[in-house]
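Coordinate inspection notes
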Amino acid sequence: MAGTAAARNVEFDDATVQELEAAMASGALTSEKLVELCLARIQAYDGQGPKLHAVMQLNAKALEQARALDAERKAGKVRSGLH
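Here goes a summary of the coordinates provided. (Residues numbered from 1 in each chain as written. Predicted model: local features only at pLDDT ≥ 70, side-chain atom pairs only at ≥ 80, totals over all residues. Heavy atoms only, no water.)

So, the pattern of salt bridges
Taken as a whole and assessed by the stated rule, the structure comprises three salt bridges. Of the charged contacts in the structure, one is a salt bridge between Arg-41 and Asp-13, with a shortest N-O distance of 2.8 Å. With Arg-41 in helix α3 (residues 31–47) and Asp-13 in the loop between α1 (3–7) and α2 (17–26), this pair connects stretches of sequence that are 28 residues apart. Taking relative accessible area as the criterion, Arg-41 reaches 35% and is therefore assigned partly exposed. Between Glu-32 and Arg-67 there is a salt bridge; the shortest N-O distance is 3.0 Å. Taken as a pair, Glu-32 in helix α3 and Arg-67 in helix α4 (residues 62–74) lie far apart in primary sequence, 35 residues in all. Accessibility expressed as a relative area gives 22% for Glu-32, which makes it partly exposed. (Salt bridge = Lys/Arg side-chain N within 4 Å of Asp/Glu carboxyl O. Helix = DSSP H or I, 4+ residues; strand = E, 2+ residues; numbered from the N terminus. Buried < 20%, exposed > 50% of the residue type's maximum accessible area, 1.4 Å probe, protein only.)

Looking at unusual backbone geometry
Trans is the prevailing form of peptide bonds, just as negative phi is the prevailing case for residues other than glycine. A positive phi is found at Lys-51, a non-glycine position, where the angle reads about 50°. Residue position: Lys-51 is located in the loop between α3 and α4. The phi angle at His-53 is positive, at roughly 55°, despite the residue not being glycine. Among the secondary structure elements, His-53 is positioned in the loop between α3 and α4. Classification of His-53 by relative accessible area gives exposed; the value is 59%.

Things to note about the nonpolar core
Membership of the largest hydrophobic core is limited to five residues, which are Leu-20, Ala-23, Met-24, Leu-29 and Leu-34. Ignoring any residue separated from it by four or fewer positions in sequence, one finds Leu-29 in contact with Leu-20, Ala-23, Met-24, Leu-34 and Leu-37. (Core = buried A, V, L, I, M, F, W, Y, C linked by side-chain atoms within 4.5 Å. Contact = heavy atoms within 4.5 Å.)

The structure is reproduced here in structure tokens:
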């Protein structure tokens, strides 16, 4: 997928880094939402479901840090593609 229209339709489970970047650049995806999606996936596979035990530790401040990054992006400061 390329461009803003495609970014609005990104499916997290199948998304490439480029698609996630486009979604973030268009405002269709935030850092906070991306972290929430990742945490939900970890819960589904490690906390419930097959219990893969693939994640050793989670950052307790991940959502807080994502919100701060979203504020930076909104202010026009973008550090990198998946800022």
